[in-house]
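Chain by chain, the residues run as shown.
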Amino acid sequence: MTPYWPAEEDWAGFLVVIVPVGPLPLPADELCRQVQAQIDADPVLYDLVTVRLAPRFKLTPEWDRAFVRTVVEAAMPAGHFFAPRGVIGLVVVSDDREKLRNVFDSLRDLPPSRRLWARIFGTGVRDSRNGSSPTAAGRVASTVNTLIEMYDEQPQIALNESTFLDRVGALIEEGYLTPSALGPEPSPASASAAGPASARERPGPVVESPRATASVPVVERRPSVVPAPDPVPADVRTPAARNAGAAKKPMLEAVMYDGSEIVAVDQRTPIQRLTGRQQTDAACMDELHRGGTAVGLVHLVFVPDDGVVPRRVTKRRNEVALELDQLLDSVELDVASGQPSRIAVEVLSATNPLQKHGVLRVAGTITEVALPKVKIEYFSMADIVEPLLDAAGRTSRALHARGVQVVSQHFVFLAAMRFPADEATEDDWVRLLDHGRVTWVDFSPTGGRQALHPMPPSPFGLHVLTDKEDVLAVIKEQSGVMYRYAQRLPTQAAPRDTSERDGHEPIASTASGRRWWRFGKRPGE
């Protein structure tokens, strides 16, 4: 077994394995689903943590083998270790404290070669008053925070990939584990197509190695209870990987018309509070996965204003954002790959730090409530390019982990200022253009506009325009290099014949014939 991750990768992932003991007041898979739902609802943890369910504990050699196999399969869902370094935790759940103690002793008595985890947790799932405890899933999910705190204090608890593979190889040599537990091997074709190991493509990234806030590294998410998705075929490439063959792809000239904190919190409506529904990124990604088509990501980036802008500018900017979302809903095919595709949209503010507003949404579903109130702040492309690429890569990795192919990236900037590229920031814009298409819509007043800085050709294209153009028509025309839009026939309402209604004479207006009188008086008085 050869390591999959390049040597320069230095981040850790977290794996939680739930071990049910004895009969529980609710099915074990339902408990696992509730834990996964709580983690998915967390805007920080939803793509940091992998959750798996182990077979029910039985003190037999067969269970011992099945349990170790479950841990290995969870840690190697695609034939390789799920992260350059991994922190594995076991959560033993039972309705009896004595059973928990016995299982703790049994797991500790396993030989060191079979103990692949950093810590064992125990929690009860029964309440003496009303049976199943409603906070049981929350207690299980809280162990993730403990694992993260342990890693911050003791980074050595994480197993690196080579150590994990050595221990798995020893288990195979002892006959305790079969090679089939390792899952499919990574495709050699994909490794050769992506280049040497130092530039090998990670599962679905579009940016450099992730870094999470509060010194917690990011690891890609995978579904919890359902089996892990098959590896992406060799010809499925992210925009960054396709850019490696830019020599074969025609470079596009810039089209200009002269005229690392992430917060994802949605305020739930009263109806959602009553029905218990809460929008999450994970729910949208699962919907895209069920759709079975490829996905193009569009990032609506609201650029902070450099001063107070007229109210009509704010209104016009929001109108264009909503109209553009409706236009993207009509995309039916990705031109570069030739595959049917849908568009998913996320709303960002290019502030320092970068802010994400709401959750990922399928195009055509954004409402004005999801649009941010633009702040007055200095805009610096040098400060925003790295967090913007990191946010795009985070979403792309999460979709890839669910088996959804990301075929394009599109950054749409909505700003009340001129396109701010100059000699000092040209490299930053080129870096962003290497990962996806950039569209800049200028909503500033027409007076006193300076000349635009010329930009070099890019693989996905740059488009600068003002709101004085027919924004939707121009964007639709220029983005034809990426999307093919569905041809929607205009609907015309049938002319209404008001001369007759069911054979009766038209109803004449009675406004001139109405007579009103004071209360209590008759018309003749």
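Right, let's walk through the structure included here. These numbers were taken from a predicted model, which means no experiment stands behind them.

So, on to helix 3 (residues 97-108). Helix length check: helix 3, at 12 residues, gives a terminal C-alpha distance of 17 Å against a target of 16 Å (1.5 Å per residue), a fit within 8%. Residues of helix 3 that are buried: Leu100, Val103, Phe104, Ser106 and Leu107. What you see down the axis of helix 3 is that its buried residues fit within an arc of 165°, all on one side.

Ranked by size, the top nonpolar core spans 38 residues in total, and within it Phe67, Val92, Leu107 and Phe164 carry the most contacts. Per-element accounting of this core gives the leading share, 7 residues, to helix 2 (residues 61-75).

On to the pattern of salt bridges, then. By the definition in use, this model includes 11 salt bridges. For arginine 69, the salt bridge goes to glutamate 73, with nearest N and O atoms at 2.9 Å. Linking arginine 69 with glutamate 73, this pair stays in helix 2, spanning 4 residues, or about one helical turn. What makes arginine 69 partly exposed here is its relative accessible area of 29%. One salt bridge connects lysine 356 with aspartate 281, and the closest N-O pair in it is separated by 2.7 Å. Residue lysine 356 is found in strand 12 (residues 355-362), and its partner aspartate 281 is found in helix 9 (residues 281-291); the two are separated by 75 residues along the sequence. Judged by relative accessible area, lysine 356 falls into the buried class, the value being 8%.

Let us now look at the packing of aromatic side chains. For the structure on display, the rule yields 11 aromatic pairs. Residues phenylalanine 81 and phenylalanine 82 carry aromatic rings whose centres are separated by 5.0 Å and whose planes lie at 65° to one another, so their mutual orientation is edge-to-face. Comparing phenylalanine 81 with phenylalanine 82 shows no difference in burial state: the two are buried. Relative to tryptophan 440, the ring of phenylalanine 413 lies with its centre 5.5 Å away and its plane at 25°, an arrangement referred to as stacked. In this pair, phenylalanine 413 sits in strand 13 (residues 406-415) while tryptophan 440 sits in strand 14 (residues 437-442), placing the two residues 27 residues apart along the sequence. As far as the burial class goes, phenylalanine 413 and tryptophan 440 line up, both buried.

It is worth spelling out the packing of helix 1 (residues 28-40) against helix 4 (residues 136-153) at this point. At their nearest, the axes of helix 1 and helix 4 sit 9 Å apart, and the two run at 55° to each other. Considering their axes alone, helix 1 and helix 4 lie oblique with respect to each other. Two packed elements cross with a definite hand, and for helix 1 against helix 4 that hand is right-handed. Judged by residue contacts, Leu31, Gln34, Val35, Gln38 and Ile39 of helix 1 engage Ala137, Gly138, Val140, Ala141 and Val144 from helix 4. For the contact of helix 1 with helix 4, the per-class residue count stands at 7 nonpolar, 3 polar and no charged.

What counts, and where the lines are drawn
- Residues numbered from 1 in each chain as written.
- Predicted model: local features only at pLDDT ≥ 70, side-chain atom pairs only at ≥ 80, totals over all residues.
- Heavy atoms only, no water.
- Helix = DSSP H or I, 4+ residues; strand = E, 2+ residues; numbered from the N terminus.
- Expected span 1.5 Å × (residues − 1).
- Buried < 20%, exposed > 50% of the residue type's maximum accessible area, 1.4 Å probe, protein only.
- Arc of directions from axis to C-beta.
- Core = buried A, V, L, I, M, F, W, Y, C linked by side-chain atoms within 4.5 Å.
- Salt bridge = Lys/Arg side-chain N within 4 Å of Asp/Glu carboxyl O.
- Phe/Tyr/Trp six-rings, centres within 6.5 Å; stacked < 30°, edge-to-face > 60°.
- Axes fitted to C-alpha atoms, helices over the stretch in contact; angles between N-to-C directions.
- Parallel < 35°, antiparallel > 145°, perpendicular 65-115°, else oblique.
- Left-handed = near helix turned anticlockwise from the far one by under 90°.
- Contact = heavy atoms within 4.5 Å.
- Nonpolar A, V, L, I, M, F, W, Y, C, P; charged D, E, K, R; others polar.

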